[in-house]
Amino acid sequence: DTEVTQTPKHLVMGMTNKKSLKCEQHMGHRAMYWYKQKAKKPPELMFVYSYEKLSINESVPSRFSPECPNSSLLNLHLHALQPEDSALYLCASSQDLGDNQPQHFGDGTRLSIL
Amino acid sequence: ILNVEQSPQSLHVQEGDSTNFTCSFPSSNFYALHWYRWETAKSPEALFVMTLNGDEKKKGRISATLNTKEGYSYLYIKGSQPEDSATYLCASVRGAQKLVFGQGTRLTINP
């Protein structure tokens, strides 16, 4: 069982909908991440949070809005998405931003945009 | 090398055989190299984080080596078992936990 929990597991939404992806960890990790993974491609980093502050934004379109309400939770708010945004969205956490820290991944949310 | 490259893309191995595959990464400004195993319908699982040139790490039947000067890492699996079937991803750290992943090697163990 993964220690990083993502909800929902699947999400289908229209281009005008607003929805949120949620990620939770209780390992005391202070760094959390969002990745996007398209079919047959490697995961691509979207955002990094460190101590609840946004540390890295990989030039992600503003229709994706991350939020870190506390050290255990990471949200990704979605609005006016495009069909090409359909993908698997993975959340991960690590103890901190140290380069020797492994990342712990959730099972992902599979998002389909109609 | 500008990107992280893995070879081969896919591999079929007979149960009991040993195998290995390669991860190539930019050797300049090296921080760390991660290996993950990703089984279908599960989450990626960290295998190794390697930081030192010449480092060798081992976890059961799986081991990895690192050459930071020439920019490559090898992953070895000894005596392959069906449960080793997965996609193996390597990722180069480009500073502050910014992971850049390779395309992965999809390993299938034939019973």
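Everything here concerns the structure above.
These remarks concern the structure in this document. (Residues numbered from 1 in each chain as written. Chains lettered and ligands numbered in written order. Predicted model: local features only at pLDDT ≥ 70, side-chain atom pairs only at ≥ 80, totals over all residues. Heavy atoms only, no water.)

## Description of the sheet that holds strand β8 (residues 72-77) of chain B
Residue and element names in this part refer to chain B.
Moving on, step 1. A sheet is described by the order of its strands in space; here five strands give the open sequence β1-β3-β8-β7-β6, paired in antiparallel fashion. Two strands lie at the open edges of the sheet, namely β1 (5-7) and β6 (56-59), each paired on one side alone. Put simply, the sheet's adjacent strands are angled 15° from each other on average, direction ignored.
Moving on, step 2. As judged from the six bridges shared by strand β3 (residues 19-24) and β8, these two strands associate in the antiparallel manner. Bridged to Asn 20 within β8 is Tyr 76. (Pairing = 2+ DSSP bridges. Helix = DSSP H or I, 4+ residues; strand = E, 2+ residues; numbered from the N terminus. Axes fitted to C-alpha atoms, helices over the stretch in contact; angles between N-to-C directions.)

## Points about empty space enclosed by the protein
Residue and element names in this part refer to chain A.
Moving on, step 1. For the structure on display, the rule yields one cavity of 30 Å³ or more.
Moving on, step 2. A volume near 40 Å³ is recorded for the largest cavity.
Moving on, step 3. Every residue lining the largest cavity is listed: His 29, Arg 30, Ala 31, Met 32, Tyr 49, Tyr 51, Glu 52, Cys 68 and Ser 71.
Moving on, step 4. Residue composition of the lining of the largest cavity, by class: five nonpolar, two polar and two charged. (1 Å grid on protein atoms, 1.4 Å probe; cavity = no way out; pocket = protein on both sides within 12 Å on 5 of 7 lines; lining within 4 Å. Points joined across faces, edges and corners; volume = space filled by probe spheres on them. Nonpolar A, V, L, I, M, F, W, Y, C, P; charged D, E, K, R; others polar.)

## A few points about the sheet that holds strand β1 (residues 4-7) of chain A
All names here are of chain A.
Moving on, step 1. Taken in spatial order, the four strands line up as β1-β3-β8-β7 in an open sheet, and their pairing is antiparallel. Edge positions in the sheet fall to β1 and β7 (64-70), since each has one partner strand and no second. Mean inter-strand twist for the sheet, computed between neighbouring axes without regard to direction, equals 20°.
Moving on, step 2. Pairing between β1 and strand β3 (residues 18-25): four bridges, direction antiparallel. Paired with Thr 7 across the bridge in β3 is Lys 22.

Any link to function would need more than the numbers given here.
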